[in-house]
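Next come the chains, spelled out residue by residue.
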Amino acid sequence: MSCTLRHLGTGTEFWHLDSRDIQNVFSIHFRTKPLDSSGLPHVLEHLVLCGSKNWPVRDLFFKMIIRSVATFTNAMTGPDYTMYHFSSKNEIDFRNMQQVYLDAVFRPNLLYMDFLQEGWRLEHKNIHDQNSDIVIKGVVYNEMIGSFGDNSRFFKQKMLNYLLPNNSYGHIATGTQLEIPNVEHEDLIKYHRKYYHPSNARIFSYGSFDMKKTLEFIDKEYLSHYDRIDTSFSSTPSEDRWSKPHYASIQGRPDSSINLDHQNRVGIAMLMCDVTDIQENFELKVLSELLFRGPNSPFHKSMIEPNFSGGYTKWTGYLPTCRDTYFNVGLQDVADDDVELFEVLFDDTVYKASREGFDSKHVEAILSALELLRKQQSEYKRLLYKSTVLWNHDGDVVSNLRISDMFETLRDRLKNNPKYFEQKIEKYFINNKHKLTITMRPNKFHEIERQQAEAKLILRKLEETSDQDFEKIYENGLKLEAFQKAPQNIEVLPCLSINDVQKPFPRPQINELTLRGVSTMINHEPIAGITYLKCMFNTTGLSLNDAILLPLFCRVFSEMGSSNHDHRQFDNLLLSKMARVECTAKIVENVTDCKTYRLGLLMKTYALDKNVCDMFRICEDLLLNFQFEDTELLKVLIRNYISKLKLEVKKTGDLHAMLCSSALVTNAAQLKSLLSGVDHIHYMKKYVKENSIEAIRDSLKSIGSKVFSRSNLRVAINTSENNVFNVLGDYERFLTHLPTIKQTADSKEIFLLEPSFRYHNIDMPISFCAKTFFAVPYAHEDHPALRVLAKFLTSKYLWPVVREKNGAYGAGARIGFDGLFNVHSYRDPNAAKTMDIFDKTYEWLQTHWDKLDEQSLFEAKLAALQLVDWPISAGEVGLDSFVLGATYDIYLQYRSRVLAVTLDDVQNIIEKYYRNEPKHFGKCILGPKSKVIEVKEMFKDVNVKV
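Residues numbered from 1 in each chain as written. Predicted model: local features only at pLDDT ≥ 70, side-chain atom pairs only at ≥ 80, totals over all residues. Heavy atoms only, no water.

> Hey, could you run me through unusual backbone geometry in this one?
A negative phi angle characterises most non-glycine residues, just as the trans form characterises most peptide bonds. Unusually for a residue other than glycine, Asn-307 sits at a positive phi of about 60°. With respect to the element layout, Asn-307 can be found in the loop between α10 (298-304) and β11 (317-319). What makes Asn-307 partly exposed here is its relative accessible area of 21%. Positive phi, normally seen in glycine, also occurs at Arg-516, with a value near 50°. One can find Arg-516 in the loop between β14 (510-515) and β15 (518-523). Arg-516 gets classed as partly exposed once you look at its relative accessible area, which sits at 46%. (Helix = DSSP H or I, 4+ residues; strand = E, 2+ residues; numbered from the N terminus. Buried < 20%, exposed > 50% of the residue type's maximum accessible area, 1.4 Å probe, protein only.)

See the structure below:
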């Protein structure tokens, strides 16, 4: 059931979706037009969650995370909106978070000290030395240096600015390094007063909790205290259409791992329709998929298969993220000589598509794939993000959910007009003058110029500063330090009790059986018409060289077709019947003792129940008849694979830093890094350079012949109970045709490594840091207490010191199933200082033992439970048991141990694991080359060119 309401007094819009989903979601967002690129809406987003009238606690957002079991909490600044959202499956928790979020957005304190910390400030490098240099600091300031240090993100942002220059989207709502220091504290107060009015708000709730309680609370506490205002000032009009195409050229950061003349990015973007035109929006999405997605698409044939680039740029496709939607296609890692070729290929491709149209099998495959995606159980975050932009521009969010009607309308139009899509190409691509061609070229002096610009900015600010204000800079530095250290009474915040978190997840409905010698897990939770298949092939017996190539094999083998169908035929066949096959190389340590590990290939897919027979038939064809004979296609896939690997490092640098530091602790983690981390990138670039494509082809073929055996296989199937019988028949026939090959190894021994240190240059202005030591496996009695300690360290030590004081965007501690305990930082401007903070953890624990009382212990338990009770979709139920061996009984025992952890337990854990430096640990920094000097004494093995 969907319900849309409007508050009589303020005009606030409210939308509720009733669902049986145990996850309940709440969101409030405001239309927040950026007035410039100073990032004012972004800085305000941070300040709003720094304390409010009813909850005067600094960093309210993070303090509530540890007093809650919310499964998702976030706030984000979009191009012309700001959203605050959370989800929880516990109603008491849901109401607590609702109270805090609403008071934060409507009655924030907006303190000056919070502004200095979260926004920007001039400060002495040594705040206690008035003669030390003055620098710029601030969480948002550093965040945006890090964010736009990623060329992919910067390229997309500038494309948007140039394509829609005249209204909100001509500015950068999150701010730029050189303009954020233009924001003043008073600006935030005025902006909040104007834009954070209930009349300008849209409130969303989803789930099974009582909507009336939400409405009553919002009206009584907030909306009834306001009068309605005219909010036309916050709306973003449509962009005036151009009379001729435009061109733009920008500069990006160089990548030291490839030649400078092969680092260009080039893209073309075209304005499409208004986001509120729901059917047109949907049809343009389908057209976009037809044009660029997969080997049968025109752009893939003309731009990807010629292999003159590193593949599509991130975010290529149709983007309904603004008032005016747009389509863009771009290529990365393009040589200087090929940049001009791009626009010619684009025009030729769309002209050819308008003349020849699309193959009917390709159209049906794309439509089937999109329908299958839509029929999966609704994912609340995807639903929220998808609806926010439309709603922000007064679109009909309810009609936007009627996906079946949109498909039906489109199919009717295609039936009645065979040239329907060709006419759309002519309208939106050939006759559309609102077309932007943008090129990003590398600037080898980019970082030097960035630092010089920052120095000039500081100098300009200082020239505008009076003697009295100079003194204030020094005083504010001391005041902020005192402000950060000041004790806070977080007891005023709502918090769950022990009774609220006693209930674990229900036991899944799992049957285990053996068919044709294959261990099989059948999960028959209620699933709406979809069957999920997971196949785990044990590959532990592969040689080291084959093991390192396994991720590449996973990436390419399902893209090359079979001996029965070439890659184009196979792609159409697969998409018409099932989801794409997703393969991952998995290293899994024994959760009971961490003495052994397995290497496996996990293959996942799903299909509508009516297509299960076809799904097994297609998987059989792929596993038995995969082929790598098309070496030109293989070259394309390998080049694109390596290009995407490099992008992932900068996107998830903290995870890669932890992977790198973990690789210095155990041989199993070392292999993980060789399969998916920075080490894998090094290896693959060297391997491709030193081996012919024929040799690579033969190696990949050899891997497949060793892996796809019934003897190496375990299977998990998630389907509805009334469909089990039919599925098992198709499944058994599938197994019958798989070969049996003698298994070479079931597991390998884990051994620990000597302490070591590494530094990697990632061509970014900020760093990602990690330190890892070996503790105990998941099933060990100490593991729950270590996880609780990790949450305590995150909230009381790492977050306040590394983030609040030192300016990193994030910091934390964690322990995994593998028994490795990690501390890490994210987008960190002070790597050397952070590593020192990591090393002084025991010293801090001894000095601040008083911070660990019964309440803070309970908060750490709640934070740990968020991970233990992480929400699982119907298709993934039982996955931890299947992949990791973490059964439901192990989960129950682990959960009860978390709740039973005492202060004495934590004290004993601290003494046991922190008093002395661990015997086996690793440290890693992924950061800018310029910072190597700062940490060279700490790192003996310096690596560059990631």
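Past the structure itself, the notes keep going.
> Can you walk me through the side chain of Arg-265 in this structure?
Summarising the element assignment, Arg-265 is placed in strand β10 (residues 264-274). Buried charge without a partner: Arg-265 forms no salt bridge, and the closest opposite charge is Asp-150, 5.5 Å away. Polar contacts involving the side chain of Arg-265 include one to the side chain of Ser-152, which spans 3.0 Å. (Lys, Arg positive; Asp, Glu negative; His and termini not counted. Salt bridge = Lys/Arg side-chain N within 4 Å of Asp/Glu carboxyl O. Polar contact = N/O pair within 3.5 Å; in protein donor to acceptor, adjacent residues only side chain to side chain.)

> Please explain a negative patch on the surface as it appears in this structure.
Side chains of Glu-491, Asp-850, Asp-853 and Glu-854 sit close together on the surface and give a patch of like negative charge. In this fold, Glu-854 is placed in helix α30 (residues 854-868). Here Glu-854 falls in the exposed class, since its relative accessible area comes to 53%. (Patch = residues over 30% accessible without salt bridge, like charges linked within 9 Å, V, L, I, M, F, W, Y side chains within 5 Å. Areas by Shrake-Rupley, 256 points an atom, 1.4 Å probe, with all protein chains shown as cover. Charge placed at Lys NZ, Arg CZ, Asp CG, Glu CD.)

> When you look at the nonpolar core in this model, what are you seeing that I'm missing?
Soluble globular proteins tend to pack their nonpolar side chains together in the buried interior. One finds Phe-299, Phe-429, Phe-557 and Leu-601 to be the most contacted residues of the largest nonpolar core, which totals 143 residues. For this core, the element with the most residues is helix α21 (residues 631-651), which contributes nine residues. Contacts of Phe-429, omitting those with residues within four sequence positions, involve Met-270, Met-272, Leu-287, Leu-291, Phe-327, Phe-346, Val-350 and Lys-424. Within the second largest apolar cluster, 78 residues are counted, among which are Leu-47, Phe-115, Ile-438 and Ile-458. (Core = buried A, V, L, I, M, F, W, Y, C linked by side-chain atoms within 4.5 Å. Contact = heavy atoms within 4.5 Å.)

> How should the environment of Asn-572 be read in this particular structure?
Along the polypeptide, Asn-572 turns up in helix α19 (residues 567-577). Looking at Asn-572, the relative accessible area reads 11%, which means it is buried. With 499 residues separating them along the chain, Asn-572 and Thr-73 place their C-alpha atoms 39 Å apart. When residues no more than four places from it in sequence are discounted, the contact partners of Asn-572 are Asn-296, Asp-359, Lys-361, His-362 and Ala-365. Of note is the side chain of Asn-572, whose polar atom sits 3.4 Å from the side chain of Asn-296.

> When you look at the environment of Glu-582 in this model, what are you seeing that I'm missing?
Note on placement: Glu-582 falls in strand β17 (residues 582-589). A sequence separation of 48 residues divides Glu-582 from Lys-534, and the C-alpha atoms of the two residues are 9.6 Å apart. Beyond its immediate sequence surroundings of up to four residues, Glu-582 is in contact with Leu-602, Met-603 and Lys-604.

> In this structure, what is going on with helix α22 (residues 653-662)? I would like to understand it.
What sets the pattern is the α-helix's 3.6 residues per turn: residues three or four places apart point alike. Most of α22 is tucked away: nine of the ten residues are buried. Every buried residue of α22 is accounted for by Gly-653, Asp-654, His-656, Ala-657, Met-658, Leu-659, Cys-660, Ser-661 and Ser-662.

> Would you mind showing me how to read empty space enclosed by the protein here?
Which parts of space are left empty comes out when a probe the size of a water molecule is rolled across the atoms. Across all of its chains, the model carries five cavities of 30 Å³ or more by this definition. Considered as a void within the structure, the largest cavity measures approximately 240 Å³ in volume. Along the walls of the largest cavity sit 18 residues, with Asn-151, Asp-255, Arg-265, Leu-647 and Lys-650 positioned nearest its centre. Of all elements in the fold, only α6 (151-163), β10, β12 (324-334) and α21 reach the threshold of two or more residues within the lining of the largest cavity. The residue inventory of the lining of the largest cavity, partitioned by class, reads five nonpolar, six polar and seven charged. (1 Å grid on protein atoms, 1.4 Å probe; cavity = no way out; pocket = protein on both sides within 12 Å on 5 of 7 lines; lining within 4 Å. Points joined across faces, edges and corners; volume = space filled by probe spheres on them. Nonpolar A, V, L, I, M, F, W, Y, C, P; charged D, E, K, R; others polar.)

> Please explain the packing of aromatic side chains as it appears in this structure.
Pairs of aromatic rings are described using the distance from one ring centre to the other and the angle between the two planes. Following the criterion strictly, the structure yields 49 aromatic pairs and no others. Consider the rings of Phe-148 and Phe-154, whose centres lie 5.8 Å apart with planes at 65°: the pair is edge-to-face. Of the two residues examined, Phe-148 and Phe-154, each falls in the buried class. Judged by centre distance (4.1 Å) and plane angle (15°), the ring pair of Tyr-191 and Tyr-195 falls under stacked. In this pair, Tyr-191 and Tyr-195 are both assigned in helix α7 (residues 185-195), four residues apart and thus about one turn of the helix distant. The residues Tyr-191 and Tyr-195 share a single accessibility class, namely buried. A cation over a ring is seen here: Lys-194 above Phe-233, with NZ or CZ 4.9 Å from the ring centre. (Phe/Tyr/Trp six-rings, centres within 6.5 Å; stacked < 30°, edge-to-face > 60°. Lys NZ or Arg CZ within 6 Å of the ring centre and 35° of its normal.)

> What is the right way to read the sheet that holds β10 from this model?
As a general point, the strands of a sheet are linked pairwise by backbone hydrogen bonds and lie either parallel or antiparallel. Strand order across the open sheet formed by five strands is β9-β13-β10-β12-β11, with mixed pairing between neighbours. The open sheet is flanked by β9 (246-252) and β11, the only strands paired with a single partner. Averaged over all pairs of adjacent strands, the angle between strand axes in this sheet comes to 25°, irrespective of strand direction. Pairing analysis gives three bridges linking β11 to β12, with the strands arranged antiparallel. Across the sheet, Leu-319 pairs through a bridge with Tyr-326, a residue of β12. Most of the contacts of helix α15 (residues 420-430) go to β10, to which it runs at about 115°, and overall it touches β10 and β12. (Pairing = 2+ DSSP bridges. Axes fitted to C-alpha atoms, helices over the stretch in contact; angles between N-to-C directions.)

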